[in-house]
Every structure is written in structure tokens, then in C-alpha cells.
Amino acid sequence: MMGGIALFSQTYPLSENSWSNPEFVDRFLGSYGVLTEKEPEITTDESEVFQMIGSFIDAGNLQGAIDLVKGSITVESSAALDYTLGNLYLQNADFNNGIKSYAAAIQKFPNFLRAYKNSALAFIQLQNYEKGLEYMIKSIELGDQNGDSFGLLGYCYLNLNKADSALDAYRMAGVLSPNNHDWQVGKATALQRVGLHEESIAKFEELIEAKPRNQLYYVAAANSCLSLDDQMMATKYLEILNRQGLADNAARMLLGDIYLNQKLYSLSTDVYGEVLDNSTNPDVSRLVRYTSGLISMGAIDEADKFLAKIEARKGSLSDAEQLKVLNLRSKVALATGDSAAAVASLEEVIKIDPTNGEALLMLGDYYYDESDYEMSLFYYERAQKLDSSRVDAYVQAARVKVTQRKFADAVSLLQKAEGIKHQSHVEAYLTAVRNALKSTF
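Calculation criteria
Residues numbered from 1 in each chain as written. Predicted model: local features only at pLDDT ≥ 70, side-chain atom pairs only at ≥ 80, totals over all residues. Heavy atoms only, no water. Salt bridge = Lys/Arg side-chain N within 4 Å of Asp/Glu carboxyl O. Helix = DSSP H or I, 4+ residues; strand = E, 2+ residues; numbered from the N terminus. Buried < 20%, exposed > 50% of the residue type's maximum accessible area, 1.4 Å probe, protein only. Expected span 1.5 Å × (residues − 1). Arc of directions from axis to C-beta. Contact = heavy atoms within 4.5 Å. Polar contact = N/O pair within 3.5 Å; in protein donor to acceptor, adjacent residues only side chain to side chain. Axes fitted to C-alpha atoms, helices over the stretch in contact; angles between N-to-C directions. Parallel < 35°, antiparallel > 145°, perpendicular 65-115°, else oblique. Left-handed = near helix turned anticlockwise from the far one by under 90°. Nonpolar A, V, L, I, M, F, W, Y, C, P; charged D, E, K, R; others polar.

Trainee: Go over the pattern of salt bridges, please, and point to the residues and values.
Mentor: In the structure shown here, the tally under the stated rule is 15 salt bridges. Residue E206 pairs with K203 through a salt bridge whose shortest N-O separation is 3.2 Å. Residue E206 and its partner K203 are both found in helix α11 (residues 197-210); the two are separated by 3 residues, about one turn of the helix. A relative accessible area of 46% places E206 in the partly exposed class. Several salt bridges share partner residues, and in doing so they unite D304, E311 and R329 into one network.

Trainee: Can you break down α11 residue by residue, with the values?
Mentor: Over its 14 residues, α11 extends 20 Å from the first C-alpha to the last, a length consistent with the 20 Å expected when each residue adds 1.5 Å. For α11, the set of buried residues is H197, S200, I201, K203, F204, L207 and I208. One side of α11 holds all its buried residues, which, seen down the axis, span an arc of 165°. Residues of α11 that are exposed and point more than 90 degrees away from the buried face comprise E198, E209 and A210. Buried residues in α11 make contact with α10 (181-193), α12 (215-227) and α13 (231-243).

Trainee: Describe α12, listing the residues and the values that go with them.
Mentor: Between its terminal C-alpha atoms α12 stretches 19 Å, which fits the 18 Å expected from 13 residues at 1.5 Å a residue. Within α12, 11 of the 13 residues are buried, which leaves the element mostly enclosed by the surrounding structure. All buried positions along α12 are accounted for by Q215, Y217, Y218, V219, A220, A221, A222, N223, S224, C225 and L226. Buried residues in α12 make contact with α10, α11, α13 and α14 (249-261). Residue N214 occupies the N-cap position of α12, its side-chain oxygen lying 3.0 Å from the main-chain nitrogen of L216. D229 occupies a position one or two residues after α12 and carries a positive phi of about 60°.

Trainee: Describe the packing of helix α5 (residues 95-108) against helix α6 (residues 113-125), naming the residues involved and giving the relevant values.
Mentor: Across the interface, α5 lies against α6 with an axial gap of 9 Å and an inter-helix angle of 160°. Classified by the angle their axes make, α5 and α6 are roughly antiparallel. Two packed elements cross with a definite hand, and for α5 against α6 that hand is left-handed. Across from F95, I99, Y102, A105 and I106 in α5, the residues of α6 making contact are A115, Y116, N118, S119, A122, F123 and Q125. In the contact of α5 with α6, the residues fall into 9 nonpolar, 3 polar and no charged.

In C-alpha cells:
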């Protein structure tokens, strides 16, 4: 199987529960002047300030409201004023000053539930999920049983990679706010993170039904299918997405990789062809890896045709990317028996980049196959000087020495390779060569 299939670890941005949603703002901030019996009382003078706030806000003068409240705050004033100033700052997207104002309110009134809750919201807006979690937990401990609060608690846990706790929080949010789309998305994601993929797929199916043009839900469902080793169902989700014209290149490449793993080479190259057609700046490293996958799986004709498409974009490739493409062209030439073309390509790579370890190794391999051990060792020794290819170069050079029955030299090279990076197959090879060496005594 190709190593191209990797599951996404996606945390979806808040949509319904963001500061850009007026309904969410109203739910979180509530009325500036109405506080519960568990929260600080306001004086008569302060009540007049609250009445004036409304007129500023109605006139669209949020800064005027901020200046009014700031000018009314003293050491002796109610925590309600500091809290209200924090709300105004949040409404003005000044989250840092909002946090400072809530901290002042909490200092005056230590169990100020809504100040903790809105502090949490401000920290979440700043993507400080650890602080957001801390303040949201305190809000809930003080008696907050609102669905939004449990949903944001889950969101913090999810962003902190605590999927089990996130799932618990999202389940509670789902009970208290069953129609909130964000919490349903969060629950589906948490289910996926904890490995409950069948439940996750069922949840993403519901989300797709509700919002059929959201590509992220199809990709998430496909990834859960891959976790269950159900490539056929994963293909279904990604094909539906692609045929609707909703797939981005990342989704297309995932689909192409699945087809490659299933050895459906023509379908795979068709999808990757779409990637090239729909990108002005393609991810060349990913395309190179895909083409290498085709070659390693013996799909040489498809690799040759797809490589030609990449080469047609030569003008938009960087020098480093062009070298990767030249290396691929060499692999294709070797696979088709065109050794002259392969060597020409590799030598061109080395001429442009003398430190290209991959090309040096390939040249060493080519001359080894041709039984030209002197030239083979020449290129392997050059590759040994490079960090990127040193280990492989020691191992390959050892192979030459074994062929030459120079077992002591081979042992020395393999020991160097193991000293840099332990690999079980190299260790086994080293043992075998040592035994061969002993048998010569």
C-alpha cells in the first residue's frame, strides 16, 4: 500500500457560535443592565449609566459607550460596571481588554459567574484554549448549565486533543441545545477522535443531510471509513463530493490515493490529473510521492503519462521541484529498460545538484546492476557524505562488498549504518554477513 493515505485531524471552526453571529452574542452577553441575584447589585448612580449605555449602542456609538463606562468605574464601583465594560470590549472585538475588565469584575465579586463565562469566550476567540477551558469549567462549577457553555467546553477539549472529555461535553451540549449545529459537528469529530468511527459516520451522515454542500463532512466520513478499512465506502463519499464539484485538491488526492491502493491506476491518474488541472501551484512533493507510488506498484505506463503532465508544467516548477521530476524520469526510464535515458537524467541531476543523495544512490544501484562495482562504490561513497543518504549508502555499499566477498568491509559498513539508525532488516543483514565472515576462517 502507498503511504499517501493519512487521516485528517480536523477541528472545525465555530460558525453558529462565533462572535460574528448576533444571536450568539445576545445569548452570551445578555442584557447589560439585568443581573441575577447571584451577581453584584448596582447603585442608583450606576443604574443611570446602564440606561445611558443603551442610547449610545442604539446610535451605533460603541466607543462612546466604552468611554462612558470606563469613566464611571472606581475602586468602590460595582463589579457590574467592570463586567459591562468587558462586554463592550468583546462586542468591539477587543478581547484582551475584555479579559482585563472581567478580571477586575471577578476581583470585586469572586463568584461572578457570567464574568468567568465571558472570559472563557474571549480566551477562545484568542485561541487560548487552556485558559478558555479553565474559565468555562469555573463558570459551570458556579452553576452555569447552558448548552452553549458545554459546547464551548467541548470545543476547548477538542482543540487541546482531549477527545474523551470533549465527547462528554458535546453530549451534554446536545441534550441542552439539540438543534445547535456546531455542537453536532463537535460530537461527530470527537467520536472520530476516540475511535468510534461507525457512530462518527452516522453523525456525519446527519450533518451531510443538513448541509449537503459542506465538503469537510464528506472528507471526515471518508476518513472514518478508512479507519474501518472500508475503502469502498470512503470512495463513495469522495466521489460524490468530486462529482458535485465541491472537492478541493486535498480531497481529490485522498481519493486518488485510495484508487492507487486498490490498483485502479487509470481512475487514480484521472483524479490526480484533475489536481493538476485545478491548481496553479500544485503540491509537487505530493505529486512526486504519488508518481513514485505508481512506479513502485509497477504501473509504469500510468507513471510515464502522469509524469509527462507534470513535466508540461516545468515553467511553474522551482529548481528543487524540477530535480525531483528528473529523478522520477530516471526511475521510469530504468523501469522501462531505457538505461541510457535513466543515466542521462541522473547525471543531469548530479550536475545541477551534486548533493542530491537520491540521484547518487540510483546511479550506484544502476552500476551495481550492471556489475560495474567500481562505479557503483564511487557513487555510494559520494552519497555517504550526505546526511540525507548516508545510512542507505552504507547499506548499499555493503551489498557490493558482499557480492565481492569482502565480508569484513561489509560488516564495517553495516555497523556504521546501524550506529546512525537502527533498522531491523539491516540488523538481520549484518548478522548474516558476520556469519558469512566467520565461515571464511
